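Now for the letters of each chain:
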Amino acid sequence: MDTDEQNVSTQSWNKLQRSLHYEGYREGSSAGRDSAFQEGFDSGYLQGFQTGYELGVHNGILKCLSSDVSNFDSAMKEHLSTVQSFEKPSRGLCVVCSQEEKASKSGYKETEDKDQTVKNVTEVIEEQKKALIDAKKSVLTDEYLLVLRTTNLNEFFNSC
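Calculation rules
Residues numbered from 1 in each chain as written. Predicted model: local features only at pLDDT ≥ 70, side-chain atom pairs only at ≥ 80, totals over all residues. Heavy atoms only, no water. Helix = DSSP H or I, 4+ residues; strand = E, 2+ residues; numbered from the N terminus. Buried < 20%, exposed > 50% of the residue type's maximum accessible area, 1.4 Å probe, protein only. Contact = heavy atoms within 4.5 Å. Areas by Shrake-Rupley, 256 points an atom, 1.4 Å probe, with all protein chains shown as cover. Salt bridge = Lys/Arg side-chain N within 4 Å of Asp/Glu carboxyl O. Core = buried A, V, L, I, M, F, W, Y, C linked by side-chain atoms within 4.5 Å. Axes fitted to C-alpha atoms, helices over the stretch in contact; angles between N-to-C directions. Parallel < 35°, antiparallel > 145°, perpendicular 65-115°, else oblique. Left-handed = near helix turned anticlockwise from the far one by under 90°. Nonpolar A, V, L, I, M, F, W, Y, C, P; charged D, E, K, R; others polar.

Here's the deal with the overall build of the chain
Counting secondary structure elements, the chain contains six helices and zero strands. Start at the N end of the chain and walk to the C end: the helices and strands fall as α-α-α-α-α-α. When each of the 160 residues of the chain is scored for burial, the buried share is 16%. Summarising the internal contacts of the chain: among those between residues at least 6 apart in sequence, 78% fall at separations of at least 24. Accessible area for the chain stands at about 12,200 Å²; split by element, carbon and sulfur atoms hold 53% of it.

Dropping the structure here:
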C-alpha cells in the first residue's frame with residue numbers, strides 16, 4: 001500500500017470511529033433519559049394512584065354515612081354535612097397525567113408552543129408530593145376525623 005492509500009484509509013477509519021462514537025453516545029443518552037423518565041413516572045403514578053384509592057375509600061365511607069343519618073345526633077349531622085368528598089379518586093393523583101389531561105382539554109398542541117418549558121425531574125417530584133399532601137388535607141379535615149372517631153371507623157383505619 002502506498003502512502004496516499006494509507007492516508008485515505010486512516011482518514012476513513014477515523015471518520016467511521018467518530019461517527020460510531022457519537023451515534024453510540026446519542027443512543028446511550030437517549031436510553032438513559034427514557035429509563036429515568038419512566039422510573040420517575042412509574043413512581044409518581046403509583047403514589048398518586050395509592051392516594052387516590054385511599055381518598056376513594058373515604059368517599060365511599062362519606063356516601064355510606066350520609067345515606068342514613070337517622071342514628072346521628074344533630075351535632076354529628078352538622079359535622080357530616082360540612083365534610084367534602086374528594087372530586088376524582090378514580091383518576092388517581094398523578095401530576096403529569098393531570099397536566100396532560102388539562103392540556104388535551106384546552107386543545108393544546110405540543111407543536112404550538114416551541115418555547116415550552118421542560119421541568120426538572122426534582123420539580124415534578126416536588127409537585128407530586130405537594131399534590132398528594134393537598135389532596136389528603138382537603139378530605140381529612142378535622143370535621144371528617146371527628147366523624148370517623150364518633151363512628152369508631154378510625155379504629156378500622158388504624159388497624160389497616
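Having seen the structure, we can now continue with the description.
Concerning the pattern of salt bridges
Applying the stated rule across the entire model yields four salt bridges. Across the pair Lys136 and Glu54 runs a salt bridge whose closest N-O atoms are separated by 3.7 Å. One end of the pair, Lys136, is in helix H4 (residues 121–139); the other, Glu54, is in helix H1 (residues 3–67), and 82 residues separate them in sequence. Residue class for Lys136 comes out partly exposed when judged on its relative accessible area of 30%. Across the salt bridge formed by Glu126 and Lys129, the nearest N and O atoms sit 3.8 Å from each other. A residue pair is termed a helical-turn pair when its members lie 3 or 4 positions apart in one helix, as Glu126 and Lys129 do in helix H4 at three residues. Exposure remark for Lys129: the relative accessible area of 43% places this residue in the partly exposed category.

A few points about the nonpolar core
Ranked by size, the top nonpolar core spans 10 residues in total: Ile61, Leu62, Leu65, Phe72, Met76, Leu80, Val83, Tyr144, Val147 and Leu148. Within the residue set of this core, elements represented by two or more residues are H1, helix H2 (74–82) and helix H5 (142–150). Excluding anything up to four places from it in sequence, Val147 contacts Leu65, Met76, His79 and Leu80.

Considering the packing of H1 against H5
The geometry of H1 relative to H5 is characterised by a closest axis approach of 12 Å and an angle of 65° between their N-to-C directions. For the element pair H1 / H5, the angle class is roughly perpendicular. Considering how the two elements wind past one another, H1 and H5 form a crossing that is left-handed. Every residue of H5 that contacts H1 at His58, Ile61, Leu62 and Leu65 is listed here: Tyr144, Val147 and Leu148. Classifying every residue of the contact of H1 with H5 gives six nonpolar, one polar and no charged.

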